[in-house]
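Okay, here's what each chain looks like letter by letter:
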Amino acid sequence: MPDPRFFQAAGPFSLSRLAEIAGAVLADGADGDYRVEAVAALDVAGVHEISFLDNMRYKDQFSSTKAGACIVHPDFAPEAPEGVHLLFSQYPYKSYALIAQALYPERGVAEAFVSEQAYIAEDVQIGQGCVIEPGVVIRSGAKIGASCWIGAQSVIGENVELGEGVRIGENATVSHALIGDYSRLYPGVRVGQDGFGFAIDPSGHVKVPQLGRVIIESHVEIGANTTIDRGAGPDTVIGQGTWIDNLVQIGHNVKIGRGCVIVAQVGISGSTVLEDFVAIGGQAGLAGHLRIGQGARIAAQTGVMRDLQGGQEYMGYPALPIRQFMKQVALLKRLADKKER
Amino acid sequence: MPDPRFFQAAGPFSLSRLAEIAGAVLADGADGDYRVEAVAALDVAGVHEISFLDNMRYKDQFSSTKAGACIVHPDFAPEAPEGVHLLFSQYPYKSYALIAQALYPERGVAEAFVSEQAYIAEDVQIGQGCVIEPGVVIRSGAKIGASCWIGAQSVIGENVELGEGVRIGENATVSHALIGDYSRLYPGVRVGQDGFGFAIDPSGHVKVPQLGRVIIESHVEIGANTTIDRGAGPDTVIGQGTWIDNLVQIGHNVKIGRGCVIVAQVGISGSTVLEDFVAIGGQAGLAGHLRIGQGARIAAQTGVMRDLQGGQEYMGYPALPIRQFMKQVALLKRLADKKER
Amino acid sequence: MPDPRFFQAAGPFSLSRLAEIAGAVLADGADGDYRVEAVAALDVAGVHEISFLDNMRYKDQFSSTKAGACIVHPDFAPEAPEGVHLLFSQYPYKSYALIAQALYPERGVAEAFVSEQAYIAEDVQIGQGCVIEPGVVIRSGAKIGASCWIGAQSVIGENVELGEGVRIGENATVSHALIGDYSRLYPGVRVGQDGFGFAIDPSGHVKVPQLGRVIIESHVEIGANTTIDRGAGPDTVIGQGTWIDNLVQIGHNVKIGRGCVIVAQVGISGSTVLEDFVAIGGQAGLAGHLRIGQGARIAAQTGVMRDLQGGQEYMGYPALPIRQFMKQVALLKRLADKKER
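Conventions used here
- Residues numbered from 1 in each chain as written.
- Chains lettered and ligands numbered in written order.
- Predicted model: local features only at pLDDT ≥ 70, side-chain atom pairs only at ≥ 80, totals over all residues.
- Heavy atoms only, no water.
- Least-squares fit on C-alpha atoms with pLDDT ≥ 70 in both.
- Helix = DSSP H or I, 4+ residues; strand = E, 2+ residues; numbered from the N terminus.
- Buried < 20%, exposed > 50% of the residue type's maximum accessible area, 1.4 Å probe, protein only.
- Contact = heavy atoms within 4.5 Å.
- Buried area = accessible area lost by both parts, 1.4 Å probe.
- Salt bridge = Lys/Arg side-chain N within 4 Å of Asp/Glu carboxyl O.
- Nonpolar A, V, L, I, M, F, W, Y, C, P; charged D, E, K, R; others polar.
- Pairing = 2+ DSSP bridges.
- Domains from an automatic or database assignment.
- Axes fitted to C-alpha atoms, helices over the stretch in contact; angles between N-to-C directions.
- Parallel < 35°, antiparallel > 145°, perpendicular 65-115°, else oblique.

By a simple turn and slide, chain C fits onto chain A: the slide is 0.0 Å along the axis, the RMSD is 0.0 Å, and the turn is 120°. In short, the pair behaves as if placed about a three-fold rotation axis.

Mapping S154 of chain C onto the fold places it in the loop between strand 14 (149–150) and strand 15 (155–156). According to the relative accessible area criterion, S154 of chain C is buried, its value standing at 0%.

A word on the interface of chain C and chain A. Facing the 68 residues of chain C at the interface are 67 residues of chain A. Summed over both partners, the interface of chain C with chain A buries about 5100 Å², with 60% contributed by carbon and sulfur atoms. Of all residues in chain C, F196, L211 and Y317 of chain C give up the largest surface area on contact with chain A, accounting jointly for 16% of the area buried on that side. Seen at the junction of chain C and chain A, the total is five salt bridges. Among the elements of the structure, strand 19 (177–179), strand 22 (198–199), strand 23 (206–207) and helix 4 (322–340) of chain C are those that each provide at least two residues to the side of chain C that touches chain A. Along the lines of polarity and charge, the residues of the side of chain C that touches chain A split into 27 nonpolar, 28 polar and 13 charged.

It is worth spelling out the sheet that holds strand 10 (residues 125–126) of chain A at this point. Residues and elements named next belong to chain A. Spatial ordering of the open sheet is given by 10-13-16-19-24-27-30-33-36, a layout of nine strands whose pairing is parallel. This sheet does not close on itself; its edge strands, each paired only once, are strand 10 and strand 36 (291–292). Here two bridges tie strand 13 (residues 143–144) to strand 16 (residues 161–162), and the two strands are oriented parallel to one another. Each residue of the ladder has a partner; that of I144, found in strand 16, is L162.

The subject of this paragraph is the domain arrangement of chain A. In terms of domain boundaries, chain A breaks down into domain 1 (13–103) and domain 2 (172–341). Measuring from the centre of the C-alpha atoms in domain 1 of chain A to the corresponding centre in domain 2 of chain A gives 37 Å.

The next thing to look at is the packing of helix 4 (residues 322–340) of chain A against helix 4 of chain C. Interaxial distance between helix 4 of chain A and helix 4 of chain C falls to 9 Å at its minimum, and their mutual angle equals 95°. When the axis of helix 4 of chain A is compared with that of helix 4 of chain C, the two are roughly perpendicular. Across the interface between the two elements, L332, K333, L335, A336, K339 and E340 of chain A of helix 4 of chain A pack against R323, Q324, K327, Q328, L331, L332, R334 and L335 of chain C of helix 4 of chain C. Counted by class, the contact of helix 4 of chain A with helix 4 of chain C contains six nonpolar, two polar and six charged residues.

In structure tokens form, the structure reads like this:
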């Protein structure tokens, strides 16, 4: 059960109510009136707690779980231990997410307040129902939409605009940016600083003024300590519903489409374009001025030096279609083993 | 045209004035009195805006640009569309940089002020014309040169010295450091904390006191959320005019020469020495105690485990001269393709 | 000699006193009454300064050092220059660490104070002898042990607990976490924010509430700008005496054992388990849901995609036992050279 010091449950809910919330179906014999109070992992869940099976690595934990209820794909029903109330779902992880959201709703910003220890320029516009914490700096001309939350010690630059329900974590900085509704920046995020732009010159590199913006569309998540430089002239753009993890670097002029997933420590160099639904594994790096096609999947640590077609999976340094990379890995192993003998 | 909410143009300028600023030459038929108000990218520039062609990927955009004026190498004059006023330059990107600097000058710190909400020890020396924002902490004995800008919530440690015109971004921390004139730290930079120094011991690693400093010479740029540890005994040194991008890690005792370029997410391990004008691509990693020769270029994601001679280009894991690496990549591909058939 | 602006020596000490502190032995002819005032590197040390030889790269500096005293393994005594007072140690680096700690003790928090410019909720418990700097935010229900140091502009979340002697660097954020005695977070560290958890869905990724905590045991070090996400349900755990360098990413549910060493820019994906005494070189990446055996050593930039047995060294992308990787590297080089000829 989540530690009540950090998480307050909104329940209990009946199992049938949760099935409804989750787009799931009560299995034969499951009691729709069963009372669910909390979520928990398979190996620690107990009575009145609900768990889920999504990753087959944890199948044994499922077979021996003491959870009162469990969300599972119907194919795995035969592996269930006696007595557990099952919810069937085609997408158990998504169903779990929806149930966890219901049981542990995010605290809203109902208790709106603007700290007297925030430094807010006179002409700043602040919407209804915002929380602005101590130490926050909001510079001249900024517009803060309704129901925003701006964490302590963050700095919002001149004329920056935040949409409705935007959350800015503590110690973050935002400048030269327009941020869409319900987007969320985690602590320590840096948005809008100068890109890495200079003309190389033996007598001292010449700085190129960075004259673009950062456009973050709606429902975007940006992980802790991630850095997103503003455009050099064109804008840097993060598309709607894209999720970016911690410590990611996004260079100037990069355009990221909708629904992309970018895992921690990825680096995307200047002017590269990601079409919609691209997924990039941790620590992968993309050179500048590339185009990555819709739905491409790039494995962790891959080094991308050319345009990539969409709909395929890539890996390697330099990047190859993953089957081709794996073939090379296997071949090299075989040759080395043969040499050995 | 840059968004006037974020960038105020200082112009207009005549084209002949800009040619002078840029070290460029008016092409035959270009009107020296043509009025230039703004810069813009080739594909969006319009009348009274100036653009440039430097990267051949964008040649088609050049041929169809609607820009009023354009900076280009004379060799590409034949590709220019009708009616655009051309400036010829051997270094179009550098010329563009100089023009953009003229049109969009950085705001100075003319309106010097020291926030009453900054926490400044009594014996701190602060030069003429500084801006010190709210929440800044400056500890005892620090010396701040003239015309410095210290962004909100930053912390300047005991006895730290900043030269003239130094800019420290918001939420940055600096300790045990001397920083030269006109150097610039972006938001979230960490300079001067303990290096990763300990003696391994089964009963608990033994911390090695880190007793060196960080010396940052003049005209250095250090990108957002980059970390530079202080020396363990010797100093960590960043040479004059070196540019460091975001999320870079510089270990203790590292010496970086003049005019180096270090792209985002590079890691340089303790005690490694870079001679002057070394360039390192994103996410490359250098082991400790190495020497990298003058003008060496290290490709993105390269893993450097040995000293490298200057004047050459390297790539691979472990690093090889780039031609050798590319030959291995091609060979492995051929072998795998043959196996396939 | 360390710059007295930044480091104050507590000495002088006699050489025999230092031998005792260091677990070292006076060499024949060394003067136990010799007065040692400072530490210094071999190439710059002078009279009344002590140095050490640990890394054979610096043997020539040892042979020509002007240091008054030097710590060295007895095997290297013959290489010593005339007149230097030698201390013999089986572990010269550890001995140096202990001597440097004695000569340059960390300043305690004797001058305890809580800044009036800190924002501390009414029900926060603060132990004896703490320093809480300006701009610090401590939210409701937090418990701060005795002798803690919380640097300027840091934010301690609701109900967070810090043990005794914990140090939190400036501009750091901690939430949903319990931190053990004498652990230390450097500036800009992010602990306890949401992990990267969502169910992929074409109509918009569905956020999975992150309902676990971060448990940091005692004597842990966490480097600048490192990010540690809280668990998704289970906790994220960092074991006792583990050292983590700068810019490291630790995903949700990761369990790290005791005495591990994790170098800068490493990324560890969700739910991976490190047993005790694992060492990971810079920029290495570990996929999720893996188990890494006790004492495994993973070289810099390695990409780990499978469980690894303990007690061995690994390198490569994907990871291989290091001998096997090096054999492949050598083989590929030979094949390419042959092709060349």
